[in-house]
Amino acid sequence: MMKIIKVALMVMALTMAGSAFALELDQAKTQGLVGEQPNGYLGVVKATPEAVQLVSEVNEKRRQAYERIARQNGITLEQVANLAGQKAIEKTAGGEYVKTPDGQWIKK
């Protein structure tokens, strides 16, 4: 139980932490180009070359962070990613896109 709490706190810190892409990511979300997915990764809602590149860059950084958290806590990458996805969807602002478990993009 304590390990899950620790992982949850680390994931929350990760999702709140700024990145080099913060401004572009916020703009892309506001413009409806990208959205959060239950699997912990960003997804392309409306494909533009910039959105595709942004998603690729952000997801690579997320994967690296998830791997580090998983290693530190003796759990799987998938467990960390799924928890991060849940937290990211919870904190997504109204009017931005999230992907439902059945694969549909909806505005929150």
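See the structure shown above.
Residues numbered from 1 in each chain as written. Predicted model: local features only at pLDDT ≥ 70, side-chain atom pairs only at ≥ 80, totals over all residues. Heavy atoms only, no water.

S.K.: Kindly report on the pattern of salt bridges, identifying the contributing residues and their values.
M.R.: The full count for this structure, using the stated rule, is five salt bridges. For Glu 36, the salt bridge is made with Lys 29, and the minimal N-O distance between the two is 2.8 Å. (Salt bridge = Lys/Arg side-chain N within 4 Å of Asp/Glu carboxyl O.)

S.K.: Tell me about the nonpolar core, and please be specific about residues and values.
M.R.: Residues Leu 25, Ala 28, Leu 33, Val 34, Leu 42, Ala 51, Leu 54, Val 55 and Val 58 constitute the largest nonpolar core, which totals nine residues. For this core, the secondary structure elements donating two or more residues are α2 (22–30) and α3 (49–73). The residues touching Val 34, leaving out its near neighbours within four places in the chain, are Leu 25, Ala 28, Lys 29, Leu 42, Gly 43, Val 45, Ala 51, Val 55 and Tyr 97. Residues Tyr 41, Tyr 66, Val 80 and Ala 84 belong to the second largest nonpolar core, which totals eight residues. (Core = buried A, V, L, I, M, F, W, Y, C linked by side-chain atoms within 4.5 Å. Buried < 20%, exposed > 50% of the residue type's maximum accessible area, 1.4 Å probe, protein only. Helix = DSSP H or I, 4+ residues; strand = E, 2+ residues; numbered from the N terminus. Contact = heavy atoms within 4.5 Å.)

S.K.: Tell me about the environment of Tyr 66, and please be specific about residues and values.
M.R.: Along the polypeptide, Tyr 66 turns up in helix α3. Taking relative accessible area as the criterion, Tyr 66 reaches 2% and is therefore assigned buried. Distance from Tyr 66 to Asn 82, taken between C-alpha atoms, is 9.8 Å for residues 16 residues apart in sequence.

S.K.: Can you lay out the side chain of Asn 59 for me, pointing to particular residues and giving the numbers?
M.R.: Position of Asn 59 among the secondary structure elements: in helix α3. Here Leu 42 takes part through its backbone nitrogen, which lies 2.7 Å from a polar atom of the side chain of Asn 59. Setting aside chain neighbours within four positions, we find Asn 59 in contact with Tyr 41 and Leu 42. (Polar contact = N/O pair within 3.5 Å; in protein donor to acceptor, adjacent residues only side chain to side chain.)

S.K.: Explain the sheet that holds strand β3 (residues 97–99) to me, using residue names and the numbers behind them.
M.R.: Spatially, β2-β1-β3-β4 is the arrangement adopted by the four strands of the open sheet, whose pairing is mixed. Strands with a single pairing partner mark the edges of an open sheet, and in this sheet they are β2 (42–44) and β4 (105–107). For this sheet the average axis-to-axis angle between neighbouring strands, irrespective of direction, equals 40°. With three bridges connecting them, β3 and β4 associate as antiparallel partners. Bridged to Tyr 97 within β4 is Lys 107. Along the sheet, α3 makes contact with β1 (34–36) and β2, crossing β2 at roughly 160°. (Pairing = 2+ DSSP bridges. Axes fitted to C-alpha atoms, helices over the stretch in contact; angles between N-to-C directions.)

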